[in-house]
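Report on the structure
Here is what each chain is made of, one letter per residue.
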Amino acid sequence: MALNALEETALRDLDLARARTFRLTDHLGLIRGSSVVAVILLWEFFGRDVNPLFLSYPSAIARATVQLLAAGEFQRQALGSLQVYAVGLSAALALGIFLGLLMGRYRLAEYLLDPYVYALDATPRVALIPLLLLWFGLGASARIAVVFLSGIFPVLMNTFSGVRTVSADLVEVGRVYGAREGKIFTKIIIPASLPFIMAGIRLAVGRALIGIITAEMFAAVTGLGALLIRYSSALATDKFFVPVIFLSLLGVILSRAVEALERKMAPWKKTERAL
Amino acid sequence: MASTDEQIIAELGLRRERPWSIYDYPNLIRAASVLCFLSAWEIYGRRTDPLLLTYPTAVLSAALQLIGTGELPRQLMASLATLGVGFVLSVVLGVGLGLIMGRSRIAEAAFDPHMNALYATPQVALIPLLMMWLGLGFTIKAVIIFSFAFFPILINTASGVRNVGAAMVEVGRAYMASHRQILLKIIFPAALPFIMAGVRIAIGRAVVGMVVAELFTAITGLGAMLTLYGNLFETAKMFVVIIVFGLLGVALIRATQALENRMARWKETERATR
Amino acid sequence: MLEVRHLSKVFFEQNDPRKPGLVALYDVSFSVRKNEFVCLLGPSGCGKTTLIRIIAGLIAADKGEILVNGAPVREPGRDRCMVFQQFGLLPWRTALGNVEFGLEIEGVPREARQKVARRYLDLVGLNGFENYYPHQISGGMQQRVGIARALSKEPDILLMDEPFGAVDAQTREQLQEELLKIWAKTDTTVIFVTHSIDESVYLSDRVVVMQSRPGRIKEEVKVDLPRPRWEGDVKADPRFAQLRAEIRESLRT
């Protein structure tokens, strides 16, 4: 806010502007930046001294990145992983939202399905990986199944509780204005639970990513997870960090993207915290 | 109820009972659903290749066998021991560092970028590296469990502390409480619902960490049994282990929820991030 | 216009459907003329909200019937519309989108309904706030949106369930006056639920006083204050004080 003339005079009179001393809390960005730089420098400095079998260092990782990208192997495996991820996640989102809406709105569906949903939701999905590999083999379908199972429950549970928390008042508004079940579903229930659905999607995106990496690491045949295993058994620590960093960036980008979508699709509401 | 109400109902000739409705008995629907599923599985499963699919009664007898030989209880205890150590470690460090990061903007600025980067990294991806560093023993499992459970606690504690209203801190200052007292008597209790929400999320992730750690190190614990029987194509025994994981997950989440309700009775459950 | 005949409603316990919990309404009868402004007044638990919800068609009575223009009421219809105590705005829709809602459900094409919606937003004095979301405007303005939405359907009967119960005292007086002005411009019949004696006397032609356990009509008080009531100070009129005392007495005994 701009100061008016009287305030300007008062300020000059008090001579306060210059009196404010240096404070660390006024330079948080600087602290943040120097902290990052310091860690990278320390890592580079000490990392060079450590046996390269155990720890790499930033410049070696950068070199390995260039090398892997030039060879094209990394891109091919990443593409394979991403395709499986996209297929499994799309299926998980579609079915998760559908079942969540159904179970939230219709008690019969809820009672018929909730024993399985709760049981599977409580079971760590990673524990299913050996079984899924046994059933589906080492091809894409096992990994798709893992991604699907990792992603579906957060979406389903959040959609379900979103529908359940739609206030009865809003449904009543729809009825007063003559809306039938179909209209109530599309114009009241779905928009009202959208923030919850989006929160579920945000969770699912991360869980599915963990699912696919774990499955690929366990099967150790294709994909980024397999690269992790391959480089670590070859004791190529510098190369090992390339997929790790790629996956971190991917995780951040995906969850940022979902958050942006959330704000765009539900501008009327603060982001719903996920279950 | 006043007798006049009874008289009015009688006078109006209203039925005393609502007509029978299936929705008054949800557990009946659930039981029917589960029973249908189990029978279908039993019938279909018996006809299929036992290497691939098993059936409920086979799972049951496998469970009895694994309990009888003592293998299941032994491996369960081994799993729980690592889970306990890793989890306690993550609660202690997560709450401690979270309090510091929530209270001091300088500490937050210094740690925040690294914590976010580590949190964003899928922790599973680091397991091969940890295996190179720490071998295959007890330590690595505890460390993996720690790395899974630590961040939700840290982040929830920090944001809980940051959310403590300035007004509440001012109450403390008005009564001349020391820094220590403000931290212990105002900030910590006010942030407790957030912390507990973080703990609830962390326990689920800790179980995942435990399973992953045991799958990859494959020496002891329930996860190792899973790998072993997977390699032997003993599907029924795999199911036993998966069911134990499920029960363990339910029990632990219920327990933390109960703890959460007890410790933050004054507040509606705070939903947590992630 | 509206006739309520021997209406009774009993609520049963939620967790034991065999146990009657509350006789919400017992043998309630009254009628409302076209273009009349009637207030339902009573303490909490007297069944006034239940009554208006039955008239709206949201819940069914156990005994008795309601006729609107001679036809029995069973479900919500386009001859009646309700204004809610908590506004009932859809938080994901703008003010304009909320007012459009009723016509949208009826299948009116977008352009036509937006034109109507703008007209009614204008009528309640919200010109320029079309693109604001409910959380961005004050409670008083939110309820104006609620009123505009109900009016946009041009109902024969406007049902208002403590519509000004959730706004502050000053806004409330302002909204009362505006409601009277809008009502004067339209030929709507209004049924207005309130627990404020002043509000009921200031607004209505007739106050239906209700009592609880079981919910029933105590008496009807005709309000013979001159209209328009927003000119001059009606509340200082000795007749206003008289009516207020009469109703208060009726509520007490």
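Computed from a prediction, not measured in an experiment: that's the story for all the values here.

**Details of the overall build of chain A**
Assigned secondary structure in chain A consists of eleven helices and zero strands. Reading chain A from its N terminus to its C terminus gives the helix and strand order α-α-α-α-α-α-α-α-α-α-α. On C-alpha atoms alone, chain A measures out to a radius of gyration of 26 Å, which is more than a quarter above the 19 Å that the 2.2 N^0.38 rule sets for 275 residues. A principal-axis box enclosing the C-alpha atoms of chain A has dimensions of 70 × 65 × 30 Å. Burial status across chain A gives 44% buried among its 275 residues. Long-range pairs, those at least 24 residues apart, make up 73% of the contacts in chain A between residues at least 6 apart in sequence.

**Structural notes on the confidence of the model for chain B**
Residues and elements named next belong to chain B. Here chain B averages 83 in pLDDT, while 90% of its residues score no lower than 70. Here residues 269–274 is modelled with pLDDT under 50, and outside its nearest four sequence neighbours on either side it reaches 19 contacts, counting other chains as well. With a pTM of 0.82, the predicted complex shows an ipTM of 0.81.

**Points about the nonpolar core**
With 209 residues, the main nonpolar core has A:Val147, B:Ile145, B:Ala206, B:Val212, C:Leu159 and C:Ile191 as its most contacted residues. Every residue in contact with B:Ala206, bar those within four places of it in the chain, is listed here: B:Leu83, B:Gly86, B:Phe87, B:Ile145, B:Phe148 and B:Ala149.

**Considerations on the interface of chain B and chain A**
Opposite the 44 residues of chain B that make contact, chain A presents 44 residues. Among the elements of the structure, α2 (26–47), α5 (105–120), α6 (127–134), α9 (179–217), α10 (221–231) and α11 (235–263) of chain B are those that each provide at least two residues to the side of chain B that touches chain A. Here the side of chain B that touches chain A takes nine residues from α5(B), the largest share from any one element. Per-class residue counts for the side of chain B that touches chain A are 31 nonpolar, eight polar and five charged.

**Quick word on the environment of A:Ile144**
Residues and elements named next belong to chain A. Counting through the fold element by element, Ile-144 comes out in helix α7 (residues 140–164). Ile-144 gets classed as buried once you count the C-beta atoms within 10 Å, which come to 23. For the pair Ile-144 and Met-157, spaced 13 residues apart in sequence, the C-alpha separation works out to 20 Å.

**Let's talk about the sheet that holds strand β3 (residues 37–41) of chain C**
All names here are of chain C. Taking strand neighbours across the sheet as the criterion, the six strands line up as β6-β7-β8-β3-β9-β10 in an open arrangement whose pairing is mixed. Lying at the two open borders of the sheet, with one neighbouring strand each, are β6 (80–83) and β10 (216–222). Neighbour-to-neighbour, the strand axes of this sheet turn through a mean angle of 20 degrees, independent of strand direction. Across four bridges, the pairing between β6 and strand β7 (residues 157–161) is parallel. From the neighbouring strand, Arg-80 faces β7, where its bridge partner is Ile-157.

**Regarding helix α7 (residues 138–163) of chain B**
All names here are of chain B. In this model, α7 (26 residues) spans 38 Å end to end at C-alpha, consistent with the 38 Å of a helix rising 1.5 Å per residue. Helix geometry: α7 is bent most strongly at Ala-149, by close to 30 degrees, with proline Pro-152 lying one to four residues after it. For α7, the buried fraction is high: 21 of the 26 residues fall into the buried class.

**Regarding the pairing of strand β8 (residues 189–194) of chain C**
Consecutive residues of a regular strand have side chains that alternate between opposite faces of the sheet. Residues and elements named next belong to chain C. For β8, the buried fraction is high: six of the six residues fall into the buried class. Residues Thr-189, Ile-191 and Val-193 of β8 are buried on one face, and the alternating residues Val-190, Phe-192 and Thr-194, pointing to the opposite face, are buried as well. Two elements, β3 and β8, share five bridges in a ladder whose sense is parallel. When the bridges of β8 are listed, Val-38 appears paired with Ile-191. Examined bridge by bridge, β7 and β8 share five bridges and lie parallel to one another. By the bridge assignment for β8, Ile-157 is matched with Thr-189. A crossover connection joins β7 to the parallel β8 through helix α5 (residues 169–185); in handedness this β-α-β unit is right-handed.

What counts and how
Residues numbered from 1 in each chain as written. Chains lettered and ligands numbered in written order. Predicted model: local features only at pLDDT ≥ 70, side-chain atom pairs only at ≥ 80, totals over all residues. Helix = DSSP H or I, 4+ residues; strand = E, 2+ residues; numbered from the N terminus. Rg over C-alpha atoms; globule rule 2.2 N^0.38 Å. Buried ≥ 20, exposed ≤ 12 C-beta atoms within 10 Å, placed from the backbone. Contact = placed C-beta atoms within 7 Å. pLDDT = per-residue confidence, 0-100. Core = buried A, V, L, I, M, F, W, Y, C linked by C-beta atoms within 7 Å. Nonpolar A, V, L, I, M, F, W, Y, C, P; charged D, E, K, R; others polar. Pairing = 2+ DSSP bridges. Axes fitted to C-alpha atoms, helices over the stretch in contact; angles between N-to-C directions. Expected span 1.5 Å × (residues − 1). Bend = angle between axes of the 7 residues up to and from the residue. Right-handed = clockwise from strand over helix to strand, strands pointing away.

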